Amino acid sequence: MAELKDRLRQLLSKKRCTHKEIALECGVSTQAVSGWLAGTQPKPRHLASLAAYLGVTTDYLVSGDGTLGRKLQIEALMAELPTLDDDDIKLLVMTARRLNKRRT
């Protein structure tokens, strides 16, 4: 089962940010960021800053539950599109339109 450090590594890789950038954003040292990547649990206030910077929820960072955030969900959807056939794409578009109509 993936741990916080694993999810954090994956998100940092996707975002292509350095330990220094994360440290500045969260108000900690680069050593603290290295500790998180080694398995140390961030303090709650740092966890919130980290999640906000990475575009995910704190629940996702801690447990893998919750949401990846809109941007990462869209990226995940875009990654799946090449594997879909034309009928699947039509269905996806129709579903999106129906969802949008429900909101108006």
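Placed above this text is the structure.
As the structure is a computational prediction, the values presented were derived from the model and not from experiment.

Caption draft 1: Fine view of the overall build of the chain. The number of helices and strands found in the chain is seven helices and zero strands. Along its sequence from the N terminus, the chain presents helices and strands in the succession α-α-α-α-α-α-α. At 17 Å, the chain has a C-alpha radius of gyration far larger than the 13 Å of a compact globule built from 104 residues. If you line up the chain on its principal axes, its C-alpha atoms span 50 × 30 × 25 Å. Out of the 104 residues belonging to the chain, those deemed buried represent 24%. When contacts within the chain are restricted to residue pairs at least 6 apart in sequence, long-range pairs at least 24 apart make up 44% of them. As displayed, the chain offers around 7500 Å² of accessible surface, 54% of which is attributable to carbon and sulfur atoms. Where the 17 positive side-chain charges of the chain centre and where its 12 negative ones centre are 7 Å apart.

Caption draft 2: Layout of the pattern of salt bridges. With the rule as written, the count across this model stands at one salt bridge. Of the charged contacts, one joins Arg-9 and Asp-6 as a salt bridge, the two residues approaching to 3.9 Å between their closest N and O atoms. With a gap of three residues between them, Arg-9 and Asp-6 both fall in helix H1 (residues 4–15), about one helical turn apart.

Caption draft 3: Representation of a negative patch on the surface. On the surface, Asp-85, Asp-86, Asp-87 and Asp-88 cluster together into a negatively charged patch. Within the secondary structure layout, Asp-86 lies in helix H7 (residues 86–103). Judged by its relative accessible area of 59%, Asp-86 is exposed.

Caption draft 4: Spotlight on the packing of helix H2 (residues 19–26) against helix H3 (residues 30–38). Across the interface, H2 lies against H3 with an axial gap of 8 Å and an inter-helix angle of 105 degrees. Comparing the axis directions of H2 and H3 gives the class roughly perpendicular. Together, His-19, Lys-20, Ile-22, Ala-23 and Cys-26 of H2 and Thr-30, Val-33, Ser-34, Trp-36 and Leu-37 of H3 make up the contact between the two elements. A breakdown of the residues in the contact of H2 with H3 according to their chemical character gives six nonpolar, three polar and one charged.

Caption draft 5: Broad picture of helix H4 (residues 44–54). If you check which residues of H4 are buried, you get His-46, Leu-47, Leu-50, Ala-51 and Leu-54. Buried residues of H4 fall within an arc of 135 degrees about the axis and therefore sit on the same side. Seen from the buried face of H4, the exposed residues on the opposite side, beyond 90 degrees, are Arg-45 and Ala-52. Looking one or two places after H4, you find Gly-55, whose phi comes out positive at around 75 degrees.

Reading the values: the criteria
- Residues numbered from 1 in each chain as written.
- Predicted model: local features only at pLDDT ≥ 70, side-chain atom pairs only at ≥ 80, totals over all residues.
- Heavy atoms only, no water.
- Helix = DSSP H or I, 4+ residues; strand = E, 2+ residues; numbered from the N terminus.
- Rg over C-alpha atoms; globule rule 2.2 N^0.38 Å.
- Buried < 20%, exposed > 50% of the residue type's maximum accessible area, 1.4 Å probe, protein only.
- Contact = heavy atoms within 4.5 Å.
- Areas by Shrake-Rupley, 256 points an atom, 1.4 Å probe, with all protein chains shown as cover.
- Lys, Arg positive; Asp, Glu negative; His and termini not counted.
- Charge placed at Lys NZ, Arg CZ, Asp CG, Glu CD.
- Salt bridge = Lys/Arg side-chain N within 4 Å of Asp/Glu carboxyl O.
- Patch = residues over 30% accessible without salt bridge, like charges linked within 9 Å, V, L, I, M, F, W, Y side chains within 5 Å.
- Axes fitted to C-alpha atoms, helices over the stretch in contact; angles between N-to-C directions.
- Parallel < 35°, antiparallel > 145°, perpendicular 65-115°, else oblique.
- Nonpolar A, V, L, I, M, F, W, Y, C, P; charged D, E, K, R; others polar.
- Arc of directions from axis to C-beta.

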